[in-house]
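# Analysis of the macromolecular model
Residue-level listing of the chains:
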Amino acid sequence: MGRKSLGLLIACALLAHSLYTPLPENIEQSWRLMLTCAFLRIQTHLAPLLEMLGFRPLLLLEVLAVPPTSDENVTVAENLFNNVPVRVFVPKQKSSTLRRAVFYIHGGGWATGSAAWAPYDDLGRQMVENLDAVVISTNYRLSPQYHFPTQFEDVYDALRWFLRKKVLAEYGVDPSRICIAGDSAGGNLAAAVNQKLLDDPEVKIKVKIQSLIYPALQGLDMDLPSYRENGHLPFLTKHQMVVFWSRYFTSDEALEEAMAANKHTPVDSSHLFKFVNWSTLLPERFKKGHVYTSPIHGPSDLAKKYPGFLDVRASPLLADDSTLRRLPLTHILTCQYDVLRDDGLMYLSRLRAAGVQVVHEHVEDGFHGILSFGSPVINLKAGLRVVNKYLKWLKENL
Ligand SMILES: *[C@@H]1O[C@H](CO)[C@@H](O)[C@H](O)[C@H]1NC(C)=O
Ligand SMILES: *[C@@H]1O[C@H](CO)[C@@H](O)[C@H](O)[C@H]1NC(C)=O
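Conventions used here
Starting afresh in each chain, residues are numbered from 1 along the sequence in its written order. For this description, chains carry letters from A and ligands carry numbers from 1, given in the order in which they are written. Local features in this predicted model are restricted to residues of pLDDT 70 or higher, and side-chain atom pairs are both shown and tallied only at a pLDDT of 80 or more, whereas totals for entire chains, interfaces and linings draw on every residue. Hydrogens are left out, water is left out, and the side-chain values use all remaining heavy atoms of the structure. UniProt positions are given in the numbering used here, feature names are shortened, and annotations may be inferred rather than shown by experiment. Among buried residues, those of type Ala, Val, Leu, Ile, Met, Phe, Trp, Tyr and Cys that are joined through side-chain atoms within 4.5 Å constitute a nonpolar core. Under the scheme applied here, a residue whose accessible area is under 20% of the maximum for its type counts as buried, over 50% as exposed, and between as partly exposed, the area being computed with a 1.4 Å probe on protein chains only. Helix numbering and strand numbering both begin at the N terminus, where a helix is a DSSP run of H or I of at least 4 residues and a strand a DSSP run of E of at least 2. Contacts are residue-level and defined by heavy atoms, with any inter-residue pair within 4.5 Å sufficient. For two strands to be treated as a pair, DSSP must find no fewer than two bridges joining them. Centres within 6.5 Å are what make two rings of Phe, Tyr or Trp a pair, Trp counting through its six-membered ring; a difference in plane orientation under 30 degrees is then read as stacked, over 60 as edge-to-face, and the rest as tilted. Every definition here rests on a 1 Å grid over the protein atoms only: cavities are sets of points where a 1.4 Å probe fits but cannot get out, pockets are open sets enclosed by protein on both sides within 12 Å along at least five of seven lines, and lining residues have some atom within 4 Å of a point. Grid points are joined across faces, edges and corners, and a volume is the space filled by probe spheres set on the points. Ten residues, namely Ala, Val, Leu, Ile, Met, Phe, Trp, Tyr, Cys and Pro, are considered nonpolar, four, namely Asp, Glu, Lys and Arg, are considered charged, and the remaining ones, Gly among them, are considered polar. As a rule, the C-alpha atoms of each element are fitted with a line to give its axis, helices using only the stretch in contact, and angles between N-to-C directions run from 0 to 180 degrees.

Going by an unreviewed UniProt entry, the protein chain carries the name Arylacetamide deacetylase-like and comes from Monodelphis domestica. Its UniProt record gives the protein chain the following Sequence similarities (unreviewed entry) comment, quoted word for word: "Belongs to the 'GDXG' lipolytic enzyme family."

Counting 81 residues, the largest nonpolar core has Phe-162, Trp-245, Phe-249 and Tyr-347 as the members making the most contacts within it. Top contributing element to this core by residue count: helix α7 (residues 185–198), with seven residues. In contact with Tyr-347, other than residues within four places in its own chain, are Ala-191, Gln-195, Leu-212, Leu-217, Pro-316, Leu-317, Leu-324, Leu-327 and Ile-332. Leu-33, Tyr-104, Met-127 and Leu-394 belong to the second-largest nonpolar core, a separate cluster that totals 43 residues.

On to the pairing of strand β1 (residues 74–81). Two elements, β1 and strand β2 (residues 84–91), share eight bridges in a ladder whose sense is antiparallel. Directly across from Val-74, in β2, lies its bridge partner Pro-91. Taking the residues that link successive antiparallel strands as the turn, the β1-β2 hairpin has two residues, and the phi of Asn-82 there is positive, at about 55 degrees.

What follows concerns the packing of aromatic side chains. Geometry of an aromatic ring pair is reported as the spacing of the ring centres plus the angle between the planes. Here the structure, examined in full by the defined rule, presents 19 aromatic pairs. Aromatic pair Phe-162 and Tyr-171: ring centres 6.4 Å apart, planes at 55 degrees, arrangement tilted. Looking at Phe-162, the relative accessible area reads 0%, which means it is buried. Here the aromatic rings of Phe-367 and Phe-373 are separated by 5.6 Å at their centres, their planes lie at 75 degrees, and the arrangement is edge-to-face. You'll find Phe-367 and Phe-373 in the same group, each marked buried.

Tracing the sequence through the fold places Ala-77 in strand β1. Residue Ala-77 is classed as partly exposed on the basis of its relative accessible area of 34%. Spatially, the C-alpha atom of Ala-77 lies 5.8 Å from that of Arg-87, the residues being 10 residues apart in sequence. Apart from residues no more than four positions distant in its own chain, Ala-77 is found in contact with Pro-68, Val-86, Arg-87 and Val-88.

What follows deals with the UniProt feature "active site" (unreviewed entry) in the protein chain. As recorded in UniProt, the sites labelled "active site" (unreviewed entry) are Ser-184, Asp-338 and His-368. The annotated residues occupy 185 residues of the chain but converge on a single region, no pair of C-alpha atoms lying more than 10.5 Å apart. Within the secondary structure layout, Ser-184 lies in the loop between β5 (173–183) and α7. Ignoring sequence-local partners within four residues, the contact set of Ser-184 consists of Gly-107, Ile-213, Tyr-214, Pro-215, Ala-216, Leu-340 and His-368. Structurally, Asp-338 can be placed in the loop between β9 (329–337) and α15 (341–353).

Further remarks concern the layout of surface pockets. The space that makes up the second largest pocket amounts to roughly 170 Å³. Forming the boundary of the second largest pocket are Ala-192, Gln-195, Lys-196, Asp-199, Asp-200, Val-312, Arg-313, Ala-319, Asp-320 and Thr-323. Looking at the lining of the second largest pocket, the element that brings in the most residues is α7, giving three residues. Per-class residue counts for the lining of the second largest pocket are three nonpolar, two polar and five charged.

Right, let's talk about the sheet that holds strand β10 (residues 358–367) for a bit. The strand order across the open sheet formed by eight strands is β1-β2-β4-β3-β5-β6-β9-β10, and the pairing between neighbours is mixed. One side of each edge strand has no neighbouring strand; the edge strands of this open sheet are β1 and β10. When strand polarity is set aside, the average angle formed by the axes of neighbouring strands in this sheet is 20 degrees. By the bridge criterion, five bridges tie strand β6 (residues 209–213) to β9 in an arrangement that is parallel. When the bridges of β9 are listed, Leu-212 appears paired with Ile-332.

Structure, rendered in C-alpha cells:
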C-alpha cells in the first residue's frame, strides 16, 4: 500500500470515528443526531486551532443567536427588567381579556445559552401562538465569568420586576395565570426561584404553575443510576455535567475533580444525603440493576470555600418538606437517556410525598436537550413531540 492511500485510509477512519456516536436503538432519526454531535465535536476541536492560527472562530452559539424580530402575529422586543436583559414576546392581536404569561429560563449549564438562541426564540413564538400568552424569556450572566449566586439572582431580579401589579397591567397579564418554566439549568433556576418566591414577603403575586424540563436539581450525588447509564451519551455527558456544576460555583479545578470522584460533600453535611438518596427516592424500575453507595465524604475546605453546591438555591432537592408542600401545580419532564433523569424523578417523589400535585411525563426515547431539537433549526421529530407535550400541558393548565 502506498503512503498516499495509507494516509487516505487513516483520514477516512478518523472522519468516521469523529462522526460516529453510539446511540440507544430506540432513538429516532439517529443519523441526524450523530451529524449534529459530530458537528459540535469537530467545532470544539477546531475552535482552539483556528484561534491559534489567528482566526476568530465563528461559534455555533453565535450562529444560533437571532435578533428580536417582530412578525405579523408577535411583537418581539428586548428589554431590561431590574437591569437584567430579557426578550419579551407579546401577541399582536388586541385582547379584551387579560392574558396568561410564561416566564421562561433557558438552559445551557449556567455557562452558555441565551434567550436569543434560535430554538429559544422559536419556543417563545410558539408559546405566544399556542397559548395567546405574553412570554418573558430571561437572560442571566454566565459562568465561568460569573459564578453562583449571580445566575440565580439575575433570574430572580428579573422575575421580581415582572411580578408586580403595575408591570403585569402594562403587558395585559392576568396575575392569577402565570407560569415559570425552564429546561436543564433553566429548570434548575425555575425550581429554585419558585421555592424562593414562597418566602418573599415583597412578592404578593402567586405563580399558578411551574414546568421543569429535564432539570438539574442537585449537585451532591454524581453517581445516580442515570449518571451511570447515560454518562457517555449526547448531548450531556457526565463529564460535561460535572464541569457545568463545578464551574457554576468556581473555576478552581479542585472542585471539579472532587465532584468527578463524588467526594465533595463534607462529613458535617451528610444529613443532606437523605434528600438525594436515590435508593429511597427513585421508582423501582429506575433502580434496577444498581446498588446504592452513598457519596464519599470530601474535605471540608472545599465546601467552606464554595458552599454553593450545598445551597438550596443551587440544589432545590435540598429543600425540606415544609417548603415543598407550598409549591404550585408542577409539570416535570424527564428523558430516559439523560444523566439528569434521576434528579427530575427524585424531585417528583419528594413533591408527591409532600402533597404537591405533579404531572410527570417521561420520554422513553428522549435525550438531554431534546426540546431544542424541535425547532425548525434542527427539526427532529422527537423534539417536536416534546415541544408539543410542553405546549399542550401549558394550554390545559395555565
Ligand atoms: C400568524 O398567524 C396565522 C394564523 O394563526 C398563521 O397562519 C401565520 O402563519 C402566522 N404567521 C407567522 C409569521 O407565524
Ligand atoms: C439511603 O437509603 C437506604 C434505604 O433505601 C438506606 O439504607 C441508606 O442508609 C440511606 N443512605 C443515606 C446516606 O441516607
